[in-house]
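Results of the structural survey
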Amino acid sequence: MRLRFTKMHGLGNDFIVIDGISQRIRLSEDKIRRLADRRFGVGCDQILLVEVPQNPDVDFRYRIYNADGSEVENCGNGARCFARFVIERKLTGKRDIVVETANGIMTLHTLDNGDVRVNMGEPRLTPSEIPFTADQQAVTYALPLSSTTLEISAVSMGNPHAVALVDDVNTAPVEQWGPEVESHPLFPQRVNAGFMQIVSRQEINLRVYERGSGETLACGTGACAAVVAGRLRNLLDSVVKVNLPGGSLTIEWQGEGQTVLMSGPATHVFHGQVKI
Ligand SMILES: N[C@H](CCC[C@H](N)C(=O)O)C(=O)O
């Protein structure tokens, strides 16, 4: 079949967005991997598949797939791109768009400057919710790797994140540590691995080796998880500029019991069709 899609990105974290309402499609893991392949396919970090909402109180529903074909619960950069997608296709005239993903319901707010602000919900910190194997909840945990032991925070933004502090993101061995953390046995559903450098109490540098996609130029849920981890360690204030290789996001978290707000850009690249 010929599949219509829209290519988009959030700070270089790139997506194939598919309208699964006007075109009936079943995405097998193999089809996802072929579409996401940067040489044999279109190429992307994740695929967003728009579906008819199950819940009458939401405007849209979409599913999220990593490049390796795994379906996931949440995607921060994808949420911003989704808002841009439905606005550009005139599927809504709303400034506040209520969407449903596997993680639950989120509100996407379009800002006057073209950016999108997403209420990412409350972070989950109990090991069973992440999921992470630990005797009890703690601010940090020791995570043994083959050549070192990392001190990580474990945070769920609907999807699991391990966040480690590094002195300099540019010299941190992300290529070596990332894959080991991603598939560490203490994370039964694997994990996104964030490497955070504290610049000040209002700014961090961050690299993320994403579960199912490898290192990306930006990770929205990873930026949220890093700020939560930094605040729990009393290293950050409530509004933080997060510098990722692809650009910067603003993350706000007032503390436990509060939701995390993420603001940043979403970019349309091109419309396309592909035979699958
Ligand atoms: N790789 C992530 C999903 C995409 C998250 C990221 N692209 C974002 O912007 O939050 C996971 O397996 O949980």
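Residues numbered from 1 in each chain as written. Predicted model: local features only at pLDDT ≥ 70, side-chain atom pairs only at ≥ 80, totals over all residues. Heavy atoms only, no water.

As for the UniProt feature "binding site: substrate" (unreviewed entry) in the protein
Listed under "binding site: substrate" (unreviewed entry) in the UniProt record, and renumbered for this structure, are Asn-13, Gln-46, Asn-66, Gly-76, Asn-77, Asn-159, Asn-192, Glu-210, Arg-211, Gly-220 and Thr-221. By secondary structure assignment, the location of Asn-159 is in the loop between strand E10 (149-156) and strand E11 (160-165). When residues no more than four places from it in sequence are discounted, the contact partners of Asn-159 are Glu-73, Asn-74, Asn-192, Arg-211 and Thr-221. Position of Asn-192 relative to the elements: it lies in strand E12 (residues 192-200). Judged by its relative accessible area of 3%, Asn-192 falls in the buried class. In contact with Asn-192, not counting residues within four places along its chain, are Asn-159, Pro-160, His-161, Ala-162, Val-208, Tyr-209, Glu-210 and Arg-211. For Asn-192, the side chain forms a polar contact with the main-chain oxygen of Pro-160, separated by 2.8 Å. (UniProt positions renumbered as here; feature names shortened; annotations may be inferred. Helix = DSSP H or I, 4+ residues; strand = E, 2+ residues; numbered from the N terminus. Contact = heavy atoms within 4.5 Å. Buried < 20%, exposed > 50% of the residue type's maximum accessible area, 1.4 Å probe, protein only. Polar contact = N/O pair within 3.5 Å; in protein donor to acceptor, adjacent residues only side chain to side chain.)

Notes on the packing of aromatic side chains
For the structure on display, the rule yields 7 aromatic pairs. On the basis of an interplanar angle of 75 degrees and a centroid distance of 5.8 Å, the ring pair of Phe-5 and Phe-270 is categorised as edge-to-face. Taken together, the positions of Phe-5 in strand E1 (residues 2-10) and Phe-270 in strand E18 (residues 267-275) put the pair 265 residues apart, joining distant regions of the chain. Note on Phe-82 and Phe-85: the rings are 6.4 Å apart at their centroids and 35 degrees apart in plane angle, and the pair reads as tilted. Highlighted residues: Phe-82 and Phe-85, both in helix H2 (residues 76-88), separated by 3 residues, approximately one helical turn. Taking the relative accessible area as the measure of exposure, Phe-85 reaches 2% and is therefore buried. Each member of the aromatic cluster is reached from another via a ring pair, and the members are Phe-60, Tyr-62, Phe-82 and Phe-85. (Phe/Tyr/Trp six-rings, centres within 6.5 Å; stacked < 30°, edge-to-face > 60°.)

Examining the site of the ligand
Lining the immediate environment of the ligand, one finds 15 residues, of which Asn-13, Glu-210, Arg-211, Gly-220 and Thr-221 sit closest. With respect to the ligand, the side chain of Thr-221 contributes an N or O atom lying 2.6 Å from an oxygen atom. Considering the ligand on its own, with 360 Å² of exposed area, one finds that the protein chains cover 100% of that surface. For the shell around the ligand, the elements supplying multiple residues, two or more each, are H2 and helix H4 (220-232). Residues that form the shell around the ligand fall into these classes: 3 nonpolar, 10 polar and 2 charged. (Near = heavy atom within 4 Å. Areas by Shrake-Rupley, 256 points an atom, 1.4 Å probe, with all protein chains shown as cover. Nonpolar A, V, L, I, M, F, W, Y, C, P; charged D, E, K, R; others polar.)

A few points about the nonpolar core
Ranked by internal contacts, the top residues of the largest apolar core, which has 51 residues, are Phe-82, Leu-108, Val-242 and Ile-251. In terms of residue count, H4 provides more of this core than any other element does, 7 residues in total. (Core = buried A, V, L, I, M, F, W, Y, C linked by side-chain atoms within 4.5 Å.)

A look at the state of the cysteines
Taken as a whole and judged by the stated rule, the model has 0 disulfides. Note on Cys-44: no disulfide assigned, nearest cysteine sulfur contributed by Cys-75 at a separation of 10 Å. Cys-44 gets classed as buried once you look at its relative accessible area, which sits at 3%. No disulfide involves Cys-81; its nearest neighbouring cysteine sulfur is the one of Cys-75, lying 8.0 Å away. (Disulfide = S-S within 2.5 Å.)

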